[in-house]
Every structure is written in C-alpha cells, then in structure tokens.
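Architecture at a glance
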Amino acid sequence: SPTALRMAAGLALLVLLAACVVAPAEEPLVNVCMDAKHHKTQPGPEGDLHDQCAPWKDNACCTANTSSEAHKDQSKLYNFNWNHCGLMPAKCKRHFIQDTCLYECSPNLGPWIDQAEGGWRRERVLHVPLCQEDCEEWWEDCKDFVTCKENWHKGWNWATGTNRCPWGSLCRPFSQVFPHPKDLCEKIWSNSYKYTTERRGGGRCIQMWFDPAQGNPNVAVAKFYAWKKRSPSAPVGTATPGTDQAARALPPLPLLLPVVLVVVLGEAGDWGSHGWGPL
C-alpha cells in the first residue's frame, strides 16, 4: 500500500542519515601520495622496503626499489651525491637517508602538499612541521660535515651528470652554513620542513624516526593538520573532531527525526494504529 511504501522509504532515509553521521567520508588530505618523480599513485603495503625505509612497509608511497636506491651514495633517484665536499660521515648520512625515506614513502604528508615550480615533479611538500628532536639530532650529527651550499634543491653544477659545488664556492662546516638546527631543517630543501618546538609523541609534529612496532605516529598528525586546514580559526589545542566537514554540515539526527516522521507517516494517522507502538 502507499502507506507501507512511505514507511519503508522513511526507514531507509533514517538508516542513510545515521550512516552519514556515524561513518563520515575519508579525509582527502590523509593517506595520499604526492604527484612526484618516484611516488606511487596510491599508498599501499610494501613487504620488502629496505633498511631505514622499513617503518613504512605496511602503507607506503614508495616501492622496494626506491627504498633501496635511497640508501646509496650515488643514487639513481636523482643522481645526487652526498659526498660533494668529501665523505659524509655515517652518523650524518643516516639522517639524509631517513629524510629521503620520509619524503618518498610517507602517505601522511597530504596537508603540506603544494604545487611544485615545474620540472621533474608536479607537487612537493612545504612547511612540514618537523619534531624538534628530529631536527636537532640531524644538526648535531652533521654539524662537523662540510658543504658548499645552503640550499641543496638548486644551484648545483650538473655538467658531469651529478651535483658538484658551483664554481667559486667553498666547502665549509655545516655549523657555519647552518648556524642553528632551524637553519638546516628549513633552508636545505627550500622550506620543505618547518622547525618546531613540538615534541615527539605530542601529535602535533611529523617524525622522521619512529618505531613501527608502536604504530605510525604521523597518521594522527596528518589528521589533525588536515582538520586545521579546514578549520583555520580553531584553537591549536583543540582535539580533532571525529567527523568530517560534510558530516558536520548535516543537522543533528534528532532534529531530522520530525521531518522524516512527517514523510513516513503522512496521512497514516497515529503510530499505534499501525502496530508500531511508541518509538
């Protein structure tokens, strides 16, 4: 009967509305890969990521081959040579390897993906808030190494096919080229990173180093900053809401009930006459 059909349609609408509130759509800035030279189009499991890239093996934007190349002195990824001013010490190099692994493998950099200036990639990351410990340990382990450039993104001499110091430049200690940890983290890759005083485990900064056995802490960080990007006026200390923008745009379910009931019941009279009893 028309009444029965109306009731069935109303119940279906109630179920649909409840689903929208309880299970919001996935945040588009979370769990994504940037459009760059070696990145996969979608993150996913990679069972055999090499050495320092291994923490991302359960969900990665890099392949096993990319992770292996990230560990080489003369990598085929970008033909970049760490040893442009002499042999880079192992304790320093491990930070650059970890930096490369984060860049190539992490699916948690979505809130900071920006358009690149052109060339070999369409997107890059900009102002990723790096945890204070990660930045300071990087600087401490590299401060005695020497380099001829402050910005390693551009300005090299590529005449031989690999990066060499520009003509007339001098090799100087890191501690002179980058007087403070902030200088290293923000200047070396054209502001890809932002130095912060946020600490590891606080959910407000990206970690280059983490123990995969404890889970990936950057997942929660990406969710927080994705929400902040949608809600720029929210206080920094505010907890990330569990619903997305579309779900928050819906009126609360109790306010929708009268509307649905009008649609359902229409001309049917009171509830009891249909054997429903009180709702």
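For the structure, see preceding data.
None of the values given here were measured: they were computed from a predicted structure.

1. With respect to unusual backbone geometry
At Asn31, a residue that is not glycine, the phi angle is positive and equals roughly 65°. With respect to the helices and strands, the residue Asn31 is situated in the loop between helix H1 (2-22) and helix H2 (64-69). Judged by its relative accessible area of 27%, Asn31 is partly exposed. Unusually for a residue other than glycine, Asn191 sits at a positive phi of about 65°. Along the chain, the position of Asn191 falls in the loop between helix H6 (181-187) and strand E6 (193-195).

2. With respect to the pattern of salt bridges
Using the criterion set out here, one finds 11 salt bridges in the structure. Salt-bridge contacts for Arg122 lead to Asp35; the nearest nitrogen and oxygen are separated by 3.8 Å. Taken as a pair, Arg122 in the loop between strand E1 (113-115) and strand E2 (123-125) and Asp35 in the loop between H1 and H2 lie far apart in primary sequence, 87 residues in all. For Arg122, a relative accessible area of 62% gives the class exposed. Put simply, Asp134, Glu137 and Arg200 are held in one network by salt bridges that share partners.

3. Thoughts on the nonpolar core
In terms of nonpolar packing, the biggest core is built from 47 residues, with Phe96, Trp138, Trp152 and Tyr193 touching the most fellow members. Among the secondary structure elements, those contributing two or more residues to this core are helix H3 (90-105), strand E3 (128-130), helix H4 (132-142), helix H5 (174-177), H6 and E6. Broken down by element, this core gets its largest block of residues, seven residues, from H3. Contacts of Trp138, omitting those with residues within four sequence positions, involve His95, Phe96, Asp99, Leu130, Leu184, Cys185, Ile188, Trp189, Tyr193 and Met208.

4. Details of the state of the cysteines
Under the definition given, this model contains eight disulfides. For Cys53, the disulfide goes to Cys101, at an S-S distance of 1.9 Å. Taking the sign of the torsion about the S-S bond as the criterion, the disulfide between Cys53 and Cys101, at about -80°, is left-handed. Here Cys53, found in the loop between H1 and H2, pairs with Cys101, found in helix H3; they are 48 residues apart in sequence, far enough to count as distant. The two residues Cys53 and Cys101 agree in class, both being buried.

Reading the values: rules and limits
- Starting from 1, residues in each chain are numbered consecutively following that chain's sequence as written.
- In view of the model being predicted, local features appear only for residues whose pLDDT reaches at least 70, and side-chain atom pairs are presented and counted only at 80 or more, with totals across whole chains, interfaces and linings using the full set of residues.
- With hydrogens and water excluded, all non-hydrogen atoms of the structure serve as input to the side-chain values.
- Only DSSP runs of H or I covering at least 4 residues are called helices, and only runs of E covering at least 2 are called strands; the numbering of each starts at the N terminus.
- We call a residue buried when its accessible area falls under 20% of the maximum for its residue type, exposed when it is over 50%, and partly exposed in between, using a 1.4 Å probe and counting protein chains only.
- Definition used for salt bridges: Asp or Glu carboxyl oxygen within 4 Å of a side-chain nitrogen of Lys or Arg.
- Buried Ala, Val, Leu, Ile, Met, Phe, Trp, Tyr and Cys residues that are joined via side-chain atoms within 4.5 Å together make up what is termed a nonpolar core.
- Note on contacts: a residue pair is in contact if any heavy atoms of the two residues lie within 4.5 Å.
- Cysteine sulfur atoms that pair up within 2.5 Å are treated as a disulfide.

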